[in-house]
Amino acid sequence: MLTVTGALRVLVDPRTERDGDVVVDDGSTVATTLDASGCVVTAGLVNAHHHLLQTAFRTLPGTRGVPMADWLPTMAQAYTAAGHDPELYGVAAAVGAAEGLLSGVTTIADHHLNWPTDTSPDGTVALAAATVDAVRGLGGRLVFVRGSARDDPSQAAASADAIVRALLHEDAVGGTDPDGRLQVAVGPAGVHSDGEVTFRALGEVAAEHGLRRRTQANEQVDTAIALERYGRRPLDLLEDWGWLAPDVTVAHLCDVTDDEIARLAAAGVTATHAPGCDVPMGWGIAPVARLTAAGVPVGLGTSGGGSNDAGHLLADARLAMQVSALIGPQLPARQVLGMATEGSAVGLGRPELGHLGAGSAGDLCVWDVSGVADAGVADPVAGLLWASPGRRPKHVVVGGRVVVRDGRLVTADEGELAARLRERLARGRARR
């Protein structure tokens, strides 16, 4: 039994607030108490769109302020030079997940797009397992998205099927293990990289196993490529290919018309806003206010280290508020905090995540708002986003288990994780 006491304010969900204590029943007979005096308590943040492998390849020369046509081969060359193996995938995922936990992210959706072309389905299982083991070993939750970026369609489908059969528990429901720690989904990178055959092949795997589907669409570059290649816009293609449906989440959506927004809402599609990627890449800004007004649930994601060098979801929530005024009304802090929690959880099909009310999974963050960075803040909940852009939570709890206490990882040593990644990358460079 875990008790969080002395909270200044407990935010149960984006719409309901109450003062008081939080008690999380984790099934344990051992009493654990966390001091939250002078703190705000929120549900654990849910990063709905990440590329964990890119954590190992941040601020690479030639990846900033360049067209996507130049960015993609630069990133691919870095992956190839480092060498695709379970060790690299594991240490990159561990660092990315640790960074997330230390900034309040209890669940990460990892849209994994980079697979060596000469690897068998069993080989891809080993790569995926390394990512899964790294995140679960730290105590976080992972949504592993078997993505595709110009992969052979049949190989991508065979790999996705093998990953589901090897990594998910036999009692998994909707692609999620009974303990909620691992979920598997599928997702081509987008119509700019994958064709109809790939979308349909991965869709068949999703239908067979009851998986959610995820893809990326309507960054400005995605629209331009689709028009040049097919003479049609990305969402037109996704609709024809069976990928506008309630089990689908689409990331980015920077360049969308009112008619397209209405079609997304009618189809029951959910969206993921990723301003920390879209703004520096020059892809535009998703019209979140218009999407939500139309009834499209919107979550929040950081995307990967190749486009957003930080995995700090709360910092990107702040950015989302700041840039929203450039394309519409200013998004309120509570709405954006809701995107980073409940909104993201809705897109994952995970109603137990993103809130602290009845039926929650017991994921929460305790944020200290008693210091100088929050002094003078009239609304401590809004201040979580507006003040102290790089803030870390004091405590983080996943499923009733404390994984960050007093700002430090409980499950691993932060310095050792960073050293392991540096050493692995150095060995990769030495092999060249």
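All values reported here derive from a predicted model rather than from experimental measurement.

Asks: Help me out: how do you make sense of the overall build of the protein chain in this one?
Replies: Of the regular secondary structure elements, the protein chain holds 14 helices and 18 strands. Referenced to the eigenvectors of the C-alpha coordinate spread, the extents of the protein chain come out at roughly 55 × 50 × 45 Å. Partitioning the intrachain contacts of the protein chain with sequence separation of at least 6 by distance along the chain shows that 76% fall at a separation of at least 24. Looking at the protein chain as shown, the accessible area adds up to about 15900 Å², and 53% of this sits on carbon and sulfur atoms. Put simply, the protein chain has 36 plus and 51 minus side-chain charges, and the middle of one group is 4 Å from the middle of the other.

Asks: Where do I start with the UniProt feature "domain: Amidohydrolase-related" (unreviewed entry) in the protein chain in this structure?
Replies: Residues annotated in UniProt with the feature "domain: Amidohydrolase-related" (unreviewed entry) correspond here to residues 40-403. Between the end C-alpha atoms of residues 40-403 there is a gap of 18 Å, over a span that is 42% helix and 17% strand.

Asks: Which parts of the structure should I look at to understand the packing of helix α3 (residues 121-138) against helix α4 (residues 153-167)?
Replies: Helix-helix packing: each pair is described by the crossing angle between the helix axes and the interaxial distance. Relative to each other, α3 and α4 sit at 55°, their axes nearing to 9 Å. Regarding the angle of α3 to α4, the classification is oblique. The way α3 lies across α4 gives a crossing that is right-handed. Only A158, S159, A162, I163, A166 and L167 of α4 make contact with α3, whose side of the interface consists of P121, T124, V125, A128, A129 and V132. Of the residues in the contact of α3 with α4, the class split is 10 nonpolar, two polar and no charged.

Asks: Explanation requested: the layout of surface pockets in the structure shown.
Replies: Over the atoms rolls a probe the size of a water molecule, and in doing so it shows where empty space is left. Put simply, the largest pocket is a space of about 600 Å³. Along its surface, the largest pocket is lined by 29 residues, and L72, Y79, L113, N114 and A149 are the ones closest to its centre. Here the lining of the largest pocket gets eight residues from one element, more than from any other, and that element is helix α1 (residues 68-82). Here the residues of the lining of the largest pocket are counted per class, giving 14 nonpolar, 12 polar and three charged.

Asks: I tried to follow unusual backbone geometry on my own but got confused; where do I start?
Replies: A positive phi angle is found at R150, which is not glycine, with a value near 70°. By the element assignment, R150 lies in the loop between β9 (141-148) and α4. A relative accessible area of 54% places R150 in the exposed class. In the Ramachandran plot, H252 falls in the positive-phi region, its phi being about 85° despite a non-glycine side chain. For H252, a relative accessible area of 1% puts it in the buried group.

Asks: Could you clarify how one ought to interpret the sheet that holds strand β10 (residues 182-188) in this entry?
Replies: Note on sheets: strands pair through backbone hydrogen bonds, and any given pair is parallel or antiparallel. Here we have eight strands laid out as an open sheet, ordered β7-β8-β9-β10-β11-β12-β13-β14, and parallel in their pairing. Edge strands, defined here as strands with exactly one partner in the open sheet, are β7 (45-50) and β14 (298-300). Sheet twist, expressed as the average angle between the axes of neighbouring strands with direction ignored, equals 25°. As judged from the two bridges shared by β10 and strand β11 (residues 212-217), these two strands associate in the parallel manner. Among the inter-strand pairings, V186 is bridged to a residue of β11, identified as R213. Running over the sheet, α3 touches β8 (105-112), β9 and β10 and is turned about 155° from β9.

Asks: Which parts of the structure should I look at to understand α3?
Replies: Relative to the 26 Å expected for 18 residues at 1.5 Å per residue, α3 spans 26 Å between its end C-alpha atoms, a close match to the ideal helical length. Positive phi shows up at G139, right after α3, with a value of about 100°.

Asks: Help me understand the pairing of strand β17 (residues 401-405) in this model?
Replies: Regular strands show a simple pattern: their side chains alternate between the two faces of the sheet. For strand β16 (residues 395-398) and β17, the ladder comprises three bridges, and the chain directions are antiparallel. Counted as the bridge partner of V398 is R401 from β17. Hairpin remark: β16 followed by β17, antiparallel, with two residues in the connecting loop; positive phi at G399, about 60°. Of the pairings in the sheet, the one linking β17 to strand β18 (residues 408-409) comprises two bridges and is antiparallel in character. Paired with V404 across the two strands is L409, which belongs to β18. Remark: two residues form the turn of the hairpin made by β17 and β18, two consecutive strands paired antiparallel; D406 in that turn has positive phi of roughly 55°.

Asks: Please clarify how the pairing of strand β12 (residues 248-252) should be interpreted in this entry.
Replies: The buried fraction of β12 is high, at five of five residues. For β11 and β12, the ladder comprises five bridges, and the chain directions are parallel. Looking across to β12, one finds that T215 is bridged to V250. In the sheet, β12 pairs with strand β13 (residues 270-273) via three bridges, with the strands oriented parallel. Among the inter-strand pairings, V250 is bridged to a residue of β13, identified as A271. The handedness of the β12 to β13 crossover, carried by helix α8 (residues 258-267), is right-handed.

Asks: Quick question: what am I supposed to make of the packing of aromatic side chains here?
Replies: The geometry of an aromatic ring pair comes down to the distance between the two centres and the angle between the two planes. Taken as a whole and assessed by the stated rule, the structure comprises five aromatic pairs. Ring centres 5.3 Å apart and planes at 45° place the aromatic pair F199 and W241 in the tilted group. With F199 in helix α5 (residues 196-209) and W241 in the loop between α7 (234-240) and β12, this pair connects stretches of sequence that are 42 residues apart. Using a relative accessible area of 0% as the deciding quantity, one classes F199 as buried. Between Y230 and W241 the ring centres are 5.8 Å apart and the planes differ by 75°, which places this aromatic pair in the edge-to-face class. Of this pair, Y230 sits in helix α6 (residues 220-230) while W241 is found in the loop between α7 and β12, placing the two residues 11 residues apart along the sequence. Judged by its relative accessible area of 32%, Y230 is partly exposed. Owing to a relative accessible area of 6%, W241 belongs among the buried residues under this scheme. When the ring centre of W115 is taken as reference, the NZ or CZ atom of R146 above it lies at 4.3 Å.

Calculation notes
Residues numbered from 1 in each chain as written. Predicted model: local features only at pLDDT ≥ 70, side-chain atom pairs only at ≥ 80, totals over all residues. Heavy atoms only, no water. Helix = DSSP H or I, 4+ residues; strand = E, 2+ residues; numbered from the N terminus. Contact = heavy atoms within 4.5 Å. Areas by Shrake-Rupley, 256 points an atom, 1.4 Å probe, with all protein chains shown as cover. Lys, Arg positive; Asp, Glu negative; His and termini not counted. Charge placed at Lys NZ, Arg CZ, Asp CG, Glu CD. UniProt positions renumbered as here; feature names shortened; annotations may be inferred. Axes fitted to C-alpha atoms, helices over the stretch in contact; angles between N-to-C directions. Parallel < 35°, antiparallel > 145°, perpendicular 65-115°, else oblique. Left-handed = near helix turned anticlockwise from the far one by under 90°. Nonpolar A, V, L, I, M, F, W, Y, C, P; charged D, E, K, R; others polar. 1 Å grid on protein atoms, 1.4 Å probe; cavity = no way out; pocket = protein on both sides within 12 Å on 5 of 7 lines; lining within 4 Å. Points joined across faces, edges and corners; volume = space filled by probe spheres on them. Buried < 20%, exposed > 50% of the residue type's maximum accessible area, 1.4 Å probe, protein only. Pairing = 2+ DSSP bridges. Expected span 1.5 Å × (residues − 1). Right-handed = clockwise from strand over helix to strand, strands pointing away. Phe/Tyr/Trp six-rings, centres within 6.5 Å; stacked < 30°, edge-to-face > 60°. Lys NZ or Arg CZ within 6 Å of the ring centre and 35° of its normal.

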